[in-house]
Amino acid sequence: MNTSTWSMGCVLIASTVVAGFSGIARADLNGAAFVHLFEWSWADVAAECPYLDVKGYAAVQVSPPQEHIQGSQWWTRYQPVSYKLVSRSGDEAAFKDMVDACHAHNVKIYVDAVINHMAEGHSGGIEHGTAGTPYQRESYSGLYEGSQGHFHPFCQTNDYQNQIVTQGCNLTTEGHSGGLPDLKTGSEEVRAKIAAYLNHLISLGVDGFRIDAAKHIWTADIENILGRLNPRMLDGQPVEIFQEVIFRNTSEAVTPDQYYQNGLVTEFRWGDAIAAKFKRGHGTISEFQGFGPHWNFVPSQKAVVFTDNHDDQRKTPHNVMNFKTDGSQYDLANVFMLAFPYGYPKVMSSYEYAGHDQGPPGSPVHTGGNVNCFGSDWECEHRFRPIANMVAFRKHTLPAFSTSNWFSAGGGQQIGFGRGNLGYVVINNAGFGLNQTIHTGMAPGTYCNVIEGDFDGTTCSGPMLTVDGSGNALFNVPAGRAAAIHVGAKIGTQGKVDVTLYAITAPPFSGRASMWWAASRSSATGSRRTPVY
Ligand code: LAG
Ligand code: CA
């Protein structure tokens, strides 16, 4: 037995969070995990929020809502033509309905904000976006005009050792493409227009933003723009920010830590590490027991983590795991991500595709009372039982944001670890079964194995596990499967668990206030952002 205690977030937040929040119960309800409903329509996201609420997802990342270039490919969404909210996912009215519907179910909306660049356009002729707005390269109907100095002079983003080339040149300039015209985000006019777009979204109730291609924008430019944003409508708090900073090659000029001042950042190496150890034979999953600051990943309270994202899942060859190639092993990877106390996890929810560029299915996810998932159209990984039910595991174990009672066998491919006395998970990534009594540290009782069954507050639809008076339980876990128990799915508690009863040594972890940096309440131009903890 060994106890890993890496919980940097807790160390940092311990002193201030408790006073501002009503203790552990609050922490239990916020910021456990969120889902990227990639390319879903606003109507479908709205219809999904009751389900997300039941499962405990804190938020949805939606596809870029602004007007984009025409075409069936998914990546048309990453070429803005204007900031009108008319996209493949729907119009502004549908967007607003979605935000309201999701808020009614305690689910927040994060918008993918494409603010580094505009649509490529072609020098020859005028084209039209999805709202009918005419555009050409570096000319977008008055919103941004090259002639008015809204873009950086043309160059290619082809040298990641050079910060200015990384941040001040056009992305995706491969082949004969001119790439994506790079907005001069240091200019007052551009900053004001981006802030106006984001404030429009905030006025519709949006709760947070993914800053697309943040690595290609100076951190001070992002800081300046965020300083202009209004508080969110829901609760008057600052919007939540996470920035896409792809960092795999440590010799690059732009590094994630440069962005901590603005909010969270994506940690792509987490999904890489999961794939390496779960399926690529680069070490074993038991090595996660040694995870800590010496891995040099983004610190927990600054990291958004995921097994795969919309870009990496469809690359060939891809290094990350995904629903297409990894079957139930993909479930295990997500079970691990959601159980392990690191970062703010994002669950990927995809559609089936035959090639890299293929856009979303033409059919809706929701028709009548049915969902068109798990088939040849929408995949809905966030509804796979092991993934969906581990969101509640993460919520209920947030107060114990460290691991305990590590178990390992099977050459390092069978592991178990606890989260204090709030939960215990066993993951069998070996090719043979596991039948073992393990010390869990949990209170005695009968628990729903949430990997195999759903807990409705009273009963479990699948097998249950018994923890004896010593905190031990017998786990019988077939090859390639997992088992998980937690205090929120304990038989005989009617689902009403007073988590304060289970508080352990780790300080309470607030899933929201601790993780986000706050803008000044004043929306005055250029107001400085200060950390809330
Ligand atoms: C991102 N993060 O930094 C997005 O996660 C990623 O999906 C976006 O690229 C990228 N930044 C720019 O917002 C995607 C596709 C690209 C696509 C681009 C613009 O991965 O392949 O480029 O969106 O639509 C496409 C073509 C290129 C072409 C370019 C300009 O694939 O061949 O050069 O458009 O026409
Ligand atoms: Ca840029």
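Bear in mind the structure is a predicted one, so any value in this text is a computation, not a measurement.

## Here we look at the nonpolar core
Here's step 1: Counting residues in hydrophobic clusters, the biggest one holds 113 residues, and the most contacted among them are Phe209 and Trp270.
Here's step 2: When residues of this core are assigned to their parent elements, the largest contribution, nine residues, is made by helix α9 (residues 323–339).
Here's step 3: Ignoring anything within four residues of it in the chain, the contact list for Phe209 reads Val111, Ala113, Leu198, Leu201, Ile202, Leu229, Val239, Glu240, Ile241 and Phe242.
Here's step 4: One finds Phe407, Tyr424, Val426 and Tyr447 within the second-largest nonpolar core, a separate group that totals 14 residues.

## Some remarks on the state of the cysteines
Here's step 1: The full count for this structure, using the stated rule, is four disulfides.
Here's step 2: Each sulfur of the disulfide joining Cys155 and Cys169 lies 2.0 Å from the other. Disulfide Cys155-Cys169: torsion about the S-S bond near -95 degrees, hence left-handed. Here the residue Cys155 occupies a position in the loop between β5 (134–135) and α5 (163–168), and Cys169 occupies one in the loop between α5 and α6 (188–203), the gap between them amounting to 14 residues.
Here's step 3: Judged by relative accessible area, Cys169 falls into the buried class, the value being 4%.
Here's step 4: The side chain of Cys373 participates in a disulfide bridge whose partner is Cys380; the two sulfur atoms lie 2.0 Å from each other. With the S-S bond torsion at -70 degrees, the cross-link from Cys373 to Cys380 turns out left-handed. Taken individually, Cys373 and Cys380 each receive the classification buried, so the pair is uniform in this respect.
Here's step 5: Disulfide partners in the chain, listed by the sequence order of the bonded cysteines, are 1-2, 3-4, 5-6, 7-8.

## Some words on the sheet that holds strand β3 (residues 108–113)
Sheet strands pair via backbone hydrogen bonds, and the direction of the pair is either parallel or antiparallel.
Here's step 1: Within the closed barrel, the eight strands sit side by side as β1-β2-β3-β6-β7-β8-β9-β10. Their pairing is parallel. Averaged over all pairs of adjacent strands, the angle between their axes in this sheet comes to 30 degrees, without regard to strand direction.
Here's step 2: Strand direction decides the pairing type here: strand β1 (residues 34–37) and strand β10 (residues 344–349), joined by four bridges, are parallel. Considered in β10, the bridge of Val35 is made with Val347.
Here's step 3: Its contacts with the sheet put α9 on β9 (303–305) and β10, and the angle it makes with β10 is roughly 155 degrees.

## Details of the packing of α9 against helix α10 (residues 385–397)
Here's step 1: Interhelical geometry of α9 versus α10 gives an angle of 10 degrees and a closest axis separation of 9 Å. Relative to α10, α9 is oriented roughly parallel. From α9, Tyr330, Asp331, Asn334, Val335, Met337, Leu338 and Ala339 reach across to α10, where they touch Pro386, Ile387, Met390, Val391, Phe393 and Arg394.
Here's step 2: Taken together, the residues of the contact of α9 with α10 break down into ten nonpolar, one polar and two charged.

## Quick look at the site of ligand 1
Here's step 1: Around ligand 1 there are 16 residues in total, and Trp75, Glu120, Glu174, Glu244 and Asp311 lie nearest to it.
Here's step 2: Note that an oxygen atom of ligand 1 is positioned 2.7 Å from one of the backbone N or O atoms of Trp75.
Here's step 3: Contact distances for ligand 1 include 2.5 Å between an oxygen atom and a side-chain N or O atom of Asp311.
Here's step 4: Starting from 660 Å² of accessible surface for ligand 1 in isolation, the protein chains cover 83%.

## What to know about the environment of Asp311
Here's step 1: Tracing the chain through its elements places Asp311 in the loop between β9 and α9.
Here's step 2: Separated by 45 residues in the primary sequence, Asp311 and His356 have C-alpha atoms spaced 9.0 Å apart.
Here's step 3: Those residues in contact with Asp311, other than ones at most four positions away along the chain, are Trp74 and Glu244.

## Remarks on the layout of surface pockets
Here's step 1: Within this model, the largest pocket holds a volume of roughly 1000 Å³.
Here's step 2: Every residue lining the largest pocket is counted, 33 residues in all, and those nearest its centre are Leu171, Thr172, Ile246, Asp311 and Lys315.
Here's step 3: Grouping the constituent residues of the lining of the largest pocket by class yields ten nonpolar, eleven polar and twelve charged.

## A few points about the sheet that holds strand β13 (residues 404–409)
Here's step 1: The four strands are arranged β13-β14-β15-β20 in an open sheet whose pairing can be described as antiparallel. The open sheet has two edge strands, β13 and β20 (482–486), and neither has a second partner. Adjacent strand axes in the sheet meet at a mean angle of 5 degrees, parallel and antiparallel pairs treated alike.
Here's step 2: Where β13 meets strand β14 (residues 414–418), four bridges bridge the pair, whose relative direction is antiparallel. Its bridge partner lying in β14, Ser404 is registered against Gly418.
Here's step 3: Sitting on the sheet, α10 touches β15 (423–428) and β20, and the angle it makes with β20 is about 40 degrees.

Reading the values: rules and limits
Residues numbered from 1 in each chain as written. Chains lettered and ligands numbered in written order. Predicted model: local features only at pLDDT ≥ 70, side-chain atom pairs only at ≥ 80, totals over all residues. Heavy atoms only, no water. Core = buried A, V, L, I, M, F, W, Y, C linked by side-chain atoms within 4.5 Å. Buried < 20%, exposed > 50% of the residue type's maximum accessible area, 1.4 Å probe, protein only. Helix = DSSP H or I, 4+ residues; strand = E, 2+ residues; numbered from the N terminus. Contact = heavy atoms within 4.5 Å. Disulfide = S-S within 2.5 Å. Pairing = 2+ DSSP bridges. Axes fitted to C-alpha atoms, helices over the stretch in contact; angles between N-to-C directions. Parallel < 35°, antiparallel > 145°, perpendicular 65-115°, else oblique. Nonpolar A, V, L, I, M, F, W, Y, C, P; charged D, E, K, R; others polar. Near = heavy atom within 4 Å. Polar contact = N/O pair within 3.5 Å; in protein donor to acceptor, adjacent residues only side chain to side chain. Areas by Shrake-Rupley, 256 points an atom, 1.4 Å probe, with all protein chains shown as cover. 1 Å grid on protein atoms, 1.4 Å probe; cavity = no way out; pocket = protein on both sides within 12 Å on 5 of 7 lines; lining within 4 Å. Points joined across faces, edges and corners; volume = space filled by probe spheres on them.

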